[in-house]
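Notes for the structure review
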Amino acid sequence: MALSVSQGFDIFLERLTPLQSERDAKARHRRSVETSLTNSARFTVQRFRETGSFGHGTGVRNHCDVDLLVSMSANQPTSDTALLWVKETLQASFPTTVVQIRPPTVVVMFADGAEKWEILPGFRTSPTGDTPVYDIPGPTGGWMSSAPTAHLEYVNEVNQRDGISGGAKKLARLAKAWKYFNTVPVSSFYLEMRAAQYMEVQTSFRPLVHLCGYFEWLDKIQLADMNDPKGKASRFAACSSTAPRSSTLSKLRTVAARARKAADAEHAGDASSAFGCLDLVFGGRFPGR
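Brief notes about the overall build of the protein chain
Helix and strand counts for the protein chain come out as 10 helices and 7 strands. Computed over the C-alpha atoms, the radius of gyration of the protein chain is 20 Å, within 12% of the 19 Å expected from 2.2 N^0.38 for a compact globule of 289 residues. If one aligns the C-alpha atoms of the protein chain with their principal axes, the spans along those axes are about 65 × 40 × 35 Å. Going through the 289 residues of the protein chain one by one, you find that 51% of them count as buried. Counting contacts in the protein chain only where the partners sit at least 6 residues apart, residues at least 24 apart contribute 61% of the total. Within the structure as shown, the protein chain displays about 13100 Å² of accessible surface, and the carbon and sulfur contribution to it stands at 48%. Distance from the positive charge centre (34 side chains) to the negative charge centre (28 side chains) of the protein chain: 2 Å.

Overview of the environment of D228
Along the chain, the position of D228 falls in the loop between α8 (207-221) and α9 (242-267). Separated by 24 residues in sequence, D228 and L252 have C-alpha atoms that sit 22 Å apart. Filtering out sequence-adjacent residues up to four positions away, D228 remains in contact with H151, A233, S234 and F236. There is a polar contact of 2.4 Å between the side chain of D228 and the side chain of H151. For D228, the side chain forms a polar contact with the main-chain nitrogen of K232, separated by 2.9 Å.

Some thoughts on the pattern of salt bridges
Inspection of every chain in the model, using the stated rule, returns 8 salt bridges. With a shortest N-O distance of 2.5 Å, R30 and E34 are connected by a salt bridge. With R30 and E34 both in helix α2 (residues 20-38) and 4 residues apart, this pair spans about one turn of that helix. Taking relative accessible area as the criterion, R30 reaches 23% and is therefore assigned partly exposed. Given the relative accessible area of 19%, E34 is considered buried. For K116, the salt bridge identified is with E118, shortest N-O distance 3.8 Å.

Description of the layout of surface pockets
Of the volumes computed, that of the largest pocket is approximately 1300 Å³. Forming the boundary of the largest pocket are 46 residues, of which P104, E118, S187, S188 and F189 lie nearest the centre. Of the residues in the lining of the largest pocket, the class split is 22 nonpolar, 14 polar and 10 charged. If you add up the space inside the second largest pocket, you get close to 160 Å³.

Observations regarding the pairing of strand β4 (residues 105-110)
Looking along a regular strand, one sees the side chains alternate between the two faces of the sheet. The buried fraction of β4 is high, at 6 of 6 residues. Pairing between strand β3 (residues 98-102) and β4: 5 bridges, direction antiparallel. Within the sheet, the bridge partner assigned to R102 lies in β4 and is T105. Remark: 2 residues form the turn of the hairpin made by β3 and β4, two consecutive strands paired antiparallel. As judged from the 5 bridges shared by β4 and strand β5 (residues 115-124), these two strands associate in the antiparallel manner.

Definitions and limits used
- Residues numbered from 1 in each chain as written.
- Predicted model: local features only at pLDDT ≥ 70, side-chain atom pairs only at ≥ 80, totals over all residues.
- Heavy atoms only, no water.
- Helix = DSSP H or I, 4+ residues; strand = E, 2+ residues; numbered from the N terminus.
- Rg over C-alpha atoms; globule rule 2.2 N^0.38 Å.
- Buried < 20%, exposed > 50% of the residue type's maximum accessible area, 1.4 Å probe, protein only.
- Contact = heavy atoms within 4.5 Å.
- Areas by Shrake-Rupley, 256 points an atom, 1.4 Å probe, with all protein chains shown as cover.
- Lys, Arg positive; Asp, Glu negative; His and termini not counted.
- Charge placed at Lys NZ, Arg CZ, Asp CG, Glu CD.
- Polar contact = N/O pair within 3.5 Å; in protein donor to acceptor, adjacent residues only side chain to side chain.
- Salt bridge = Lys/Arg side-chain N within 4 Å of Asp/Glu carboxyl O.
- 1 Å grid on protein atoms, 1.4 Å probe; cavity = no way out; pocket = protein on both sides within 12 Å on 5 of 7 lines; lining within 4 Å.
- Points joined across faces, edges and corners; volume = space filled by probe spheres on them.
- Nonpolar A, V, L, I, M, F, W, Y, C, P; charged D, E, K, R; others polar.
- Pairing = 2+ DSSP bridges.

Rendered as structure tokens:
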């Protein structure tokens, strides 16, 4: 029996969910990464916070980097110096592993790059007892403020609303799949936060309808910088600089048009055409009918 578009999304979302084996491997490496940083002579670790898609439940199978914020206690240096501290500490612990500074993080490539960790140095700026706010390196240098627990709470609040039924995280995962399968140079964090913001004003979740609306909305606002939804931290951008932004906007126009064709085809009862358009949206990875 031929699949409906809704059934196709159910299968696709299941395929996008990281496997338990990925989770187990990352848990093993987390212990070694934390041990390395805890033993640093350059700084004292106050605590670790896992941030990003893996910890938020919005990661994509085989593309699920682990983002780990290390809250430091030391005289706060420049952001470049903090990144260098982290790089040198990790490189000493993993001498045969590629460790690189890629602002705003230090990237550790385990298993020849099959498993990537992004380590983010941070200095807490909020008082004890308040929502944790940190100075973290900005993508183009200097420091910017971030509130990772507040961001996760925001996504969870929208995701758990009546009628949404997990739709905020599903939409974020679909957006990230578009990014990875089409090599789009856009921030995963931005896509996730915009997905939650888009779903915040919805009353239900229908994958194709809301994916189409989401892409058209991002195209309409031209990937504008986003205010922190909890009012705790700095505005954040979709892309690190002008060149990737131009590329992303071009690909966004294309995907918005393809998603609209898919939605119109489904509405007209032409499921086969809808599946064909969705396969283009996701770089040839959408299930066959």
